[in-house]
Amino acid sequence: MHTPINLVVLGPPGAGKGTQAVEFAQRHVIPKISTGDILREAVQSGAELGQRAKATMDAGGLVEDELMIAIARERLNRDDVKSGFVLDGFPRTVTQATALDEIMTGRGSLVVVDIAVPDDALVARLARRRVCGQCGHATSLDPTVEARCERCGGELVLRSDDTESIVRERLRVYAEASRPLVDYYSSRPTFRAVDGDQSPAAVGAAFSEAVDAILAGMPAGSGIPEEAGA
Ligand code: ADP
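Residues numbered from 1 in each chain as written. Predicted model: local features only at pLDDT ≥ 70, side-chain atom pairs only at ≥ 80, totals over all residues. Heavy atoms only, no water.

## Quick notes on the pairing of strand 1 (residues 5-10)
- Within strand 1, six of the six residues are buried, which leaves the element mostly enclosed by the surrounding structure.
- With burial as the criterion, each face of strand 1 is covered, one bearing I5, L7 and V9 and the other bearing N6, V8 and L10.
- Here strand 1 runs beside strand 3 (residues 84-88); their pairing, made up of five bridges, is parallel. Looking at the pairing, L7 lines up with V86 of strand 3.
- Pairing analysis gives five bridges linking strand 1 to strand 4 (residues 110-116), with the strands arranged parallel. (Buried < 20%, exposed > 50% of the residue type's maximum accessible area, 1.4 Å probe, protein only. Helix = DSSP H or I, 4+ residues; strand = E, 2+ residues; numbered from the N terminus. Pairing = 2+ DSSP bridges.)

## Focus on the sheet that holds strand 5 (residues 129-132)
- Pairing is antiparallel in the open sheet, where three strands are placed in the order 6-5-7. A strand with exactly one partner marks an edge of an open sheet, and here the two such strands are strand 6 (138-140) and strand 7 (156-157).
- In terms of strand pairing, strand 5 meets strand 6 through three bridges, oriented antiparallel. Bridge assignment links V131 to a residue of strand 6, and that residue is A138.
- Running over the sheet, helix 6 (residues 119-128) touches strand 5 and strand 6 and is turned about 40° from strand 5. (Contact = heavy atoms within 4.5 Å. Axes fitted to C-alpha atoms, helices over the stretch in contact; angles between N-to-C directions.)

## Digging into the confidence of the model for the chain
- Mean pLDDT for the chain: 90, with 93% of residues reaching 70 or above.
- Considering each helix and strand of the chain separately, the mean pLDDT is smallest for helix 10 (residues 226-229), with a value of 48, and largest for helix 5 (residues 94-103), with 98. (pLDDT = per-residue confidence, 0-100.)

## Notes on the site of the ligand
- By nearness alone, 18 residues border the ligand, and T35, R40, G61, G89 and R170 come closest of all.
- With respect to the ligand, the side chain of R129 contributes an N or O atom lying 3.1 Å from an oxygen atom.
- For the ligand, whose unbound accessible area comes to 560 Å², protein coverage reaches 96%.
- Per-element tally for the shell around the ligand: the top contributor is helix 2 (residues 35-45), with four residues.
- Counted by class, the shell around the ligand contains seven nonpolar, five polar and six charged residues. (Near = heavy atom within 4 Å. Polar contact = N/O pair within 3.5 Å; in protein donor to acceptor, adjacent residues only side chain to side chain. Areas by Shrake-Rupley, 256 points an atom, 1.4 Å probe, with all protein chains shown as cover. Nonpolar A, V, L, I, M, F, W, Y, C, P; charged D, E, K, R; others polar.)

## Here we look at unusual backbone geometry
- Cis geometry is adopted by the peptide bond preceding P91, which originates at F90 and carries an omega value of 0°.
- Looking at where P91 falls in the secondary structure, it is placed in the loop between strand 3 and helix 5.
- Positive phi, normally seen in glycine, also occurs at V29, with a value near 50°.
- By secondary structure assignment, the location of V29 is in the loop between helix 1 (17-28) and strand 2 (32-34).
- By relative accessible area, V29 is classed as exposed at 71%.

## Notes on the pattern of salt bridges
- On inspection of all chains with the given rule, the structure shows 17 salt bridges.
- Where D88 meets K32, a salt bridge forms, and the shortest distance between an N and an O atom there is 3.9 Å. With D88 in strand 3 and K32 in strand 2, this residue pair connects regions lying 56 residues apart in the sequence.
- Since its relative accessible area comes to 7%, D88 is described here as buried.
- Between R170 and D161 there is a salt bridge whose closest N-O contact spans 3.9 Å.
- Among the residues examined, R170 registers a relative accessible area of 11% and is labelled buried.
- What you see here is one network of salt bridges that share partners, running through R129, R159, D161, D162 and R170. (Salt bridge = Lys/Arg side-chain N within 4 Å of Asp/Glu carboxyl O.)

## A few points about the packing of helix 2 against helix 3 (residues 48-58)
- Running from N to C, helix 2 and helix 3 point in directions that differ by 115°, and their axes come no closer than 8 Å. With respect to each other, helix 2 and helix 3 are oriented roughly perpendicular. As helix 2 runs across helix 3, the sense of the crossing is left-handed. Here helix 2 contributes G36, I38, L39, R40, A42 and V43 to the contact with helix 3, which in turn contributes L49, G50, A53, K54 and M57.
- In terms of residue class, the contact of helix 2 with helix 3 is made up of seven nonpolar, two polar and two charged. (Parallel < 35°, antiparallel > 145°, perpendicular 65-115°, else oblique. Left-handed = near helix turned anticlockwise from the far one by under 90°.)

And the structure:
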């Protein structure tokens, strides 16, 4: 069996985590787990989880660690993650990262890639971001092109937390709660940062290269990086 790729994608809101996570997961035929998607689905279906999370999400805040850790634990204990997974949107705090290490005990190393993008670029990007109301595919608004989803033809809508004041709040929350994750992981041999301030295709290429470089440092089968395992 191949060494499972247990990938965590870090980066600020609007960095393109979701886009890179979907592509990577499809290419490697492993599940993409997005806690933002899990929460939005719960909001749409009216599930209790959604009712608990909606106000926090709409305000650009973070849903409580305890709840998020329970969601991640349940999802990561399902059978389909045995050959690996891509985590998008979790962990978002050091408390969540510590819990993830505990969940992963004995299951091989995490591969962690941070997509770094400066704040001004993020505000401009998020103002232009639209999502398909039907399939959820994210795209950048181009006023010269008809506003329909390129995948399914659905109508494109502004996500309720992508308005400018909420975007600024999400960036503030990111800087305070989530940027410390880069310090938490950066000393590990299984961490790389990539420049996210380029086209999605260029970010994708840098992203794949980063994962390959990390995997090359891990002996096949063990899931444990050479430096750490030596
Ligand atoms: P983006 O991709 O724009 O960063 P997400 O879709 O990942 O946003 O998440 C949307 C919202 O869901 C967050 O702003 C937050 O309120 C909530 N959320 C998602 N994941 C987590 C998490 N791990 N911890 C706390 N809140 C979360």
